[in-house]
Amino acid sequence: MRRPLQYVALACYLAFLGFPLLWLLGTALKGPGELATGGLVPLSPTLANFGDAVARADLVTAATNSLVVALGTTVLVLVLALPAAYALARYRTRLKLVANGWVLVSQVFPVILVVVPLFLILRQFRLVDSLVGLTLVHAVYSLPFALWMLQGFIAAIPRDVEEAGVVDGAGRVRVLASIVAPLLAPGLVATAMFTMISSWNEFFFALVLIQDPAKVTLPLTLARFVGAEGQVQLGALAAGALLATVPSLLFFAAVQRRLTSGLLSGAVKG
């Protein structure tokens with residue numbers, strides 16, 4: 001009886017995880033008359049909500065802006081986090097304790113307390129209402145978590161491999177680039193995945209820093225489907241949210257195998 005129960009539990013878990021997407025799909029395919037009903041399956045499916053969402057909210061421009069910011073944030077975080085995480089994982093100094101303490105404290109700091117200083121700093125450099133400024137803010141916000149993740153992955157790599165490279169005459173930079181980085185590929189993929197999804201879904205910083213309608217990101221665009229009096233255009237909002245979810249699902253499906261191996265390898269040592 002154990003195996004059938006395991007399959008039943010797995011099916012229930014998958015249904016629990018997939019219900020929000022199914023609800024979004026069902027709501028996006030409903031017409032105005034069916035939105036008031038509570039049924040999950042639309043009786044007369046229509047694609048009008050998708051056309052309305054793309055035409056009225058300009059999702060293509062918003063998705064392009066979000067993609068530029070997310071990719072820029074991911075590349076910047078990986079470039080900065082890799083050498084820093086290597087130094088924190090391999091060198092035993094007092095600076096390591098301070099850095100790890102900063103990583104932990106930064107994760108519990110309320111975002112609303114740092115947004116005003118960030119706004120003032122970016123205004124001095126004329127980076128307010130700029131995708132470059134938003135990318136820098138996302139990178140700063142995601143960097144501590146990336147450092148924390150990569151430390152575990154680097155600690156799982158045997159030191160003997162690096163020592164063999166040093167014996168052959170390679171310096172620390174060459175060891176990091178030619179030996180550690182290829183072995184760290186699953187960890188880099190996992191870190192890039194979490195960083196990119198976090199930047200793709202971020203709303204608060206974009207709300208404060210971006211005012212130009214041509215530079216808004218997807219979360220800001222989806223918020224426009226809520227009227228000033230709290231009236232929600234539910235069909236268009238569901239269609240837009242479903243379209244905004246598709247890139248994340250495709251990216252996750254493409255790197256799923258690497259992501260799983262990276263999470264397991266990073267859990268060996270911490």
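Provided above is the structure to which this section pertains.
A brief report on the enclosed structure follows. (Residues numbered from 1 in each chain as written. Predicted model: local features only at pLDDT ≥ 70, side-chain atom pairs only at ≥ 80, totals over all residues. Heavy atoms only, no water.)

Things to note about the overall build of the protein
- A tally of regular secondary structure across the protein gives 13 helices and 0 strands.
- In sequence order, the secondary structure elements of the protein are arranged as α-α-α-α-α-α-α-α-α-α-α-α-α.
- In terms of overall dimensions, the protein has C-alpha extents of about 75 × 65 × 30 Å along its principal axes.
- Burial analysis of the protein (270 residues in total) assigns 38% to the buried set.
- For the protein, the computed accessible surface area is about 15800 Å², with 71% contributed by carbon and sulfur atoms.
- Across the protein, the centroid of the 18 positively charged side chains sits 11 Å from that of the 11 negatively charged ones. (Helix = DSSP H or I, 4+ residues; strand = E, 2+ residues; numbered from the N terminus. Buried < 20%, exposed > 50% of the residue type's maximum accessible area, 1.4 Å probe, protein only. Areas by Shrake-Rupley, 256 points an atom, 1.4 Å probe, with all protein chains shown as cover. Lys, Arg positive; Asp, Glu negative; His and termini not counted. Charge placed at Lys NZ, Arg CZ, Asp CG, Glu CD.)

Quick notes on unusual backbone geometry
- One non-glycine residue, Arg126, adopts positive backbone phi at about 60 degrees.
- Tracing the backbone through its elements, the reader meets Arg126 in the loop between helix H5 (111-124) and helix H6 (131-155).
- Even without being glycine, Asp129 reaches a positive phi, approximately 60 degrees.
- One can find Asp129 in the loop between H5 and H6.

Concerning the packing of H6 against helix H9 (residues 185-201)
- The interhelical angle for the contact between H6 and H9, taken along N-to-C directions, is 155 degrees, at an axis separation of 10 Å. When the interaxial angle is binned, H6 and H9 end up roughly antiparallel. Along this stretch, H6 crosses H9, giving a crossing that reads as right-handed. Residues His138, Ser142, Phe145, Ala146, Met149, Leu150 and Phe153 of H6 form the contact with H9, whose participating residues are Gly187, Leu188, Ala190, Thr191, Phe194, Thr195, Ser198 and Ser199.
- The residue makeup of the contact of H6 with H9, split by class, is 8 nonpolar, 7 polar and no charged. (Axes fitted to C-alpha atoms, helices over the stretch in contact; angles between N-to-C directions. Parallel < 35°, antiparallel > 145°, perpendicular 65-115°, else oblique. Left-handed = near helix turned anticlockwise from the far one by under 90°. Contact = heavy atoms within 4.5 Å. Nonpolar A, V, L, I, M, F, W, Y, C, P; charged D, E, K, R; others polar.)

Examining the nonpolar core
- With 24 residues, the main nonpolar core has Ala81, Leu150, Val180 and Leu184 as its most contacted residues.
- Of all elements in the fold, only helix H3 (59-90), H6, helix H8 (172-183) and H9 reach the threshold of two or more residues within this core.
- No other element matches the 8 residues that H6 contributes to this core.
- Setting aside residues up to four positions removed in sequence, Val180 forms contacts with Tyr86, Ile157, Glu162 and Val175.
- Judged by nonpolar contacts, the second largest core, of 20 residues, contains Ala28, Leu222, Ala238 and Ala244. (Core = buried A, V, L, I, M, F, W, Y, C linked by side-chain atoms within 4.5 Å.)

A closer look at the packing of aromatic side chains
- A full pass over the atoms with the stated rule returns 3 aromatic pairs.
- Between the aromatic rings of Phe145 and Phe194, the centroid separation amounts to 6.1 Å while the plane-to-plane angle is 75 degrees, which identifies the pairing as edge-to-face. Placement of Phe145 in helix H6 and of Phe194 in helix H9 is noted, with a sequence separation of 49 residues between them.
- Overall, the relative accessible area of 38% leaves Phe194 in the partly exposed class.
- Measuring from centroid to centroid gives 6.4 Å for Phe204 and Phe205, while their planes differ by 55 degrees, and the two rings are tilted.
- Every member of this aromatic cluster is reached through a ring pair, and the members are Tyr141, Phe204 and Phe205. (Phe/Tyr/Trp six-rings, centres within 6.5 Å; stacked < 30°, edge-to-face > 60°.)

Re the side chain of Thr221
- The topology assignment puts Thr221 in helix H11 (residues 218-223).
- Its relative accessible area of 0% is what places Thr221 among the buried residues.
- Excluding anything up to four places from it in sequence, Thr221 contacts Ala57, Leu59, Ala62 and Val216.

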